[in-house]
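Observations on chain architecture
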Amino acid sequence: MLKMQSSQRWVDQLPRSANWLLLGLWVVIGSILRFTKLTAKPPWTDEFATMVFSLGNDFTSVPLNQVISIDALLQPLKFNPDANIGNVVSLLLQEDNHPPLYFVLVHLWVKLFPSLGEYTDVWVMRSLSALLGILSIPAIYFLGKIAFRSQRVGQISAALMSVSPYGIFLAQEARHYTLAILFVIFSLICFTFSINSFFEKKILPLWLVFVWIVINGIGLSVHYFFGITLLAEGMTVIFLIYRHYQQKKDDLSFMSRNLIRIMLVFIGAISAGLTWIAIIIPKGYGNGMITWVHPIEHILYMISPPFQLLAAWVPMISLLPVESSSLAIVILSSLILLLFFIWFIPYMKKGIQEGLQYSDCYLPIKGLIGFIFSAIALFLVITYVVGLDITRGARYSFVYFPAVIVLVAVSLAIYWNKSNLDNSIVKGKYQILFDPTYLLTIIYSKLNGNGKFAVYAVWFMGFVGAITVLVNLGYQKYYLPDRLISVIQNTASSPVLIATTHRNLVQTGETMGIALELQRRSELQDTLFLLVHQEQLESSEATENLKQVVSKIPYPIEVWTVNFQAPIDLKQCVVDKKKFPQVNGYSYQRYTCQ
């Protein structure tokens, strides 16, 4: 091992004023990106849950098995002046499957704004998440700086976080993930500080133990999957202690005090987790809300989880318009991303290997790598052993997302001062223009030969990815009611009834998305809705209820069945066999009743 002083050769400390100005620049850029087009995309089911419960309302006020208007369907989105924090907590425990802390914060946040209309404002609801996403930029700066004792690692971490497409995607949703990310960062700061102290023969301060316990307890009050973060930290600490004991067995007596303090941290986390289990499980966790997490049975489900994880990793660093409607753009975007990561992954690997040669980088790098791999292993265990495919939700990767950003940052910081460009390969402009392979060789040579240029390139790819998310060509919403409404508007020639089957608040949220978009556009205001409740999929009861309700409505009318999970028997109506455009989140069919 080299001494700590030797590792400072690659740490070019910035003047204090310039350091804060640069961090402020990343915060400004991150703020602009997170608040740009904040309401451009329609809210989806999970966001409706946030809005409704945070207002102190519930979904039971929406009538079932009867025709209702747009206003009746959107009733839960109206402000409730009589609601208080107790109502919010009670609703979350009874009707949802998430801890209540974030929803309580949103309830208080909404009260800071004057009423902007009859219904709650989407911008207000999303703005808290965006603000918390902005706070993650200085937070991750301190994680990088504290873990590696380097302003440069902190600055590159903040720069990458400011433009991360994944971070912006989460920040522009009215959900709790950005708050959870903040507490993952806080917990990782305690984690990296503790392992540095642990193996430098320093006693872990009791104040740190207390702070870490509090952070972990609050983190579990934001999202239950924060527990994966805690388990991954615990697995990593155990592994590092085991490896250290193998090499230096005489140090175990000194470690005993730190081991006790580490155990206190995890006992505190376990206690908080058990408390939540005692509160939630008796009330029926999920209430059918996690049915989308399918069991691993089909062969496709067996092979898809690793690819689903990969789909979450790539946008943490960069993303291009892979969800464009143009096949040519999709192919070109995929090719550019592939070429970028063909260069970036080996470059990052070399940077990490170099960093492991420095004494003050060795432990935090090992710790972050162990933490990330432990978290991924837990995802795969839950998926393949427990049988619940949580890899389907890219947003769940928040549990290790900050660690990925910092690990990338340190791999880039290692070579920041590297500058050994090989200009001998440049021969002529015509060869560069007409030989793509040769052009790629030159680009790769410049990326590998100049550390600053490599950082700029990675940041630029992240920035392009951020723009991709903002213009809705990447991380598109799961439900696109605006597109469905456009189809209905361009097709319908009579009053419209939108019918769907209902099992829980998920279906109510799907339909509310359509109604809110109609209300926002001030179009098709006479549209009617019907939520037919069904206890089991494909039930004949839902089929009969739809038939009876439609028979009592004055004709002419058009029935648009949307996500209707039961056989349809409307003999008095004619099905439109035209092939309609596919719309994310909605399968639909048109029936004309004369």
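Above this text you will find the structure in question.
Moving on, we come to the overall build of the chain. Along its length, the chain carries 23 helices and six strands. With 594 residues in all, the chain has 55% of them scored as buried. Counting contacts in the chain only where the partners sit at least 6 residues apart, residues at least 24 apart contribute 80% of the total. Of the roughly 26,000 Å² that the chain leaves accessible, carbon and sulfur atoms contribute 64%.

Counted residue by residue, helix H6 (residues 101-110) has seven buried out of 10 residues, so it is predominantly covered. Taken together, the buried residues of H6 touch helix H3 (45-54), helix H5 (85-95), helix H7 (122-148) and helix H10 (177-199).

Attention shifts here to H7. The end-to-end C-alpha distance of H7, which contains 27 residues, comes to 40 Å, matching closely the 39 Å that a straight helix rising 1.5 Å per residue would cover. The largest bend in H7 amounts to roughly 25° and is located at Ile137, with the proline Pro138 lying one to four residues further along. Burial analysis of H7 places 20 of its 27 residues in the buried class, the great majority of the element. Directly after H7, the chain includes Arg149, whose backbone phi takes a positive value near 50°.

With that out of the way, let us pick up the environment of Leu179. Inspection of the secondary structure assignment puts Leu179 in helix H10. Taking C-alpha positions, Leu179 is 7.2 Å from Val222, a pair spaced 43 residues apart along the chain. Residue contacts for Leu179: discarding those within four places in its chain leaves Tyr102, Leu105, Leu132 and Val222.

If you walk through the whole model with that rule in mind, you get 11 salt bridges. Across the salt bridge formed by Arg126 and Glu47, the nearest N and O atoms sit 2.8 Å from each other. In this pair, Arg126 sits in helix H7 while Glu47 sits in helix H3, placing the two residues 79 residues apart along the sequence. Both residues of the pair, Arg126 and Glu47, belong to the buried class. The salt bridge involving Lys477 is made with Glu173; its shortest N-O contact spans 3.1 Å. Of the two residues, Lys477 sits in the loop between helix H20 (451-470) and helix H21 (481-491) while Glu173 sits in the loop between helix H9 (165-171) and H10, which places them 304 residues apart along the sequence. For the pair Lys477 and Glu173, a shared accessibility class is recorded, and that class is buried. Linked by salt bridges that have partners in common, Glu47, Arg126, Glu173 and Lys477 make up one network.

So, about the side chain of Ser127. Structurally, the position occupied by Ser127 is in helix H7. Aside from chain neighbours lying at most four places away, what touches Ser127 is Phe35, Leu38, Trp109 and Phe113.

As enumerated under the stated definition, the model contains one disulfide in all. The residue that forms a disulfide with Cys573 is Cys593, at a sulfur-sulfur distance of 1.9 Å. Judged by the torsion about the S-S bond (100°), the Cys573/Cys593 disulfide is right-handed. Of this pair, Cys573 sits in the loop between strand E4 (557-562) and strand E5 (574-575) while Cys593 sits in strand E6 (residues 588-593); the two residues are 20 residues apart in sequence, bridging distant segments of the chain.

Counting buried positions over the six residues of E4 gives six, a clear majority of the element. Burial along E4 is two-sided: Ile557, Val559 and Thr561 and Glu558, Trp560 and Val562, pointing in opposite directions, are all buried. Here four bridges tie strand E2 (residues 496-502) to E4, and the two strands are oriented parallel to one another. Looking across to E4, one finds that Ala499 is bridged to Thr561. Two elements, E4 and E6, share six bridges in a ladder whose sense is antiparallel.

Judged by side-chain polarity, Trp20, Phe142, Ile146, Phe193, Trp207, Phe210, Val211 and Val214 come together as a nonpolar surface patch covering roughly 750 Å² of accessible area. Sorting elements by how many residues they give to the nonpolar patch places helix H11 (residues 206-222) first, with four residues. Topologically, Val214 is positioned in helix H11. A relative accessible area of 36% means that Val214 is categorised as partly exposed.

Following the sequence through the fold, Ile390 ends up in the loop between helix H16 (359-386) and helix H17 (401-414). Residue classification places Ile390 among the buried residues on the basis of a relative accessible area of 5%. Considering only alpha carbons, one finds Ile390 and Leu309, 81 residues apart in sequence, at a separation of 9.6 Å.

Moving on, we come to unusual backbone geometry. Of note, the bond from Tyr555 into Pro556 is cis; its omega dihedral lies within 30 degrees of zero at 5°. As for its placement among the helices and strands, Pro556 is situated in the loop between helix H23 (540-551) and E4. Located in the positive-phi region is Asn472, a residue other than glycine, with phi close to 65°. For Asn472, the position within the fold is in the loop between H20 and H21.

Where helix H2 (residues 16-35) contacts H7, the two axes come as close as 10 Å, and the packing angle between them is 155°. It follows from the interaxial angle that H2 and H7 lie roughly antiparallel. Considering the relative orientation of H2 and H7, their crossing is right-handed. Facing H2, whose interface residues are Asn19, Trp20, Leu23, Trp26, Val27, Gly30, Ser31, Arg34 and Phe35, H7 presents Trp123, Ser127, Ala130, Leu131, Gly133, Ile134, Ile137, Pro138, Tyr141 and Phe142. Grouping the constituent residues of the contact of H2 with H7 by class yields 13 nonpolar, five polar and one charged.

Basis of the calculations
Residues numbered from 1 in each chain as written. Predicted model: local features only at pLDDT ≥ 70, side-chain atom pairs only at ≥ 80, totals over all residues. Heavy atoms only, no water. Helix = DSSP H or I, 4+ residues; strand = E, 2+ residues; numbered from the N terminus. Buried < 20%, exposed > 50% of the residue type's maximum accessible area, 1.4 Å probe, protein only. Contact = heavy atoms within 4.5 Å. Areas by Shrake-Rupley, 256 points an atom, 1.4 Å probe, with all protein chains shown as cover. Expected span 1.5 Å × (residues − 1). Bend = angle between axes of the 7 residues up to and from the residue. Salt bridge = Lys/Arg side-chain N within 4 Å of Asp/Glu carboxyl O. Disulfide = S-S within 2.5 Å. Pairing = 2+ DSSP bridges. Patch = residues over 30% accessible without salt bridge, like charges linked within 9 Å, V, L, I, M, F, W, Y side chains within 5 Å. Axes fitted to C-alpha atoms, helices over the stretch in contact; angles between N-to-C directions. Parallel < 35°, antiparallel > 145°, perpendicular 65-115°, else oblique. Left-handed = near helix turned anticlockwise from the far one by under 90°. Nonpolar A, V, L, I, M, F, W, Y, C, P; charged D, E, K, R; others polar.

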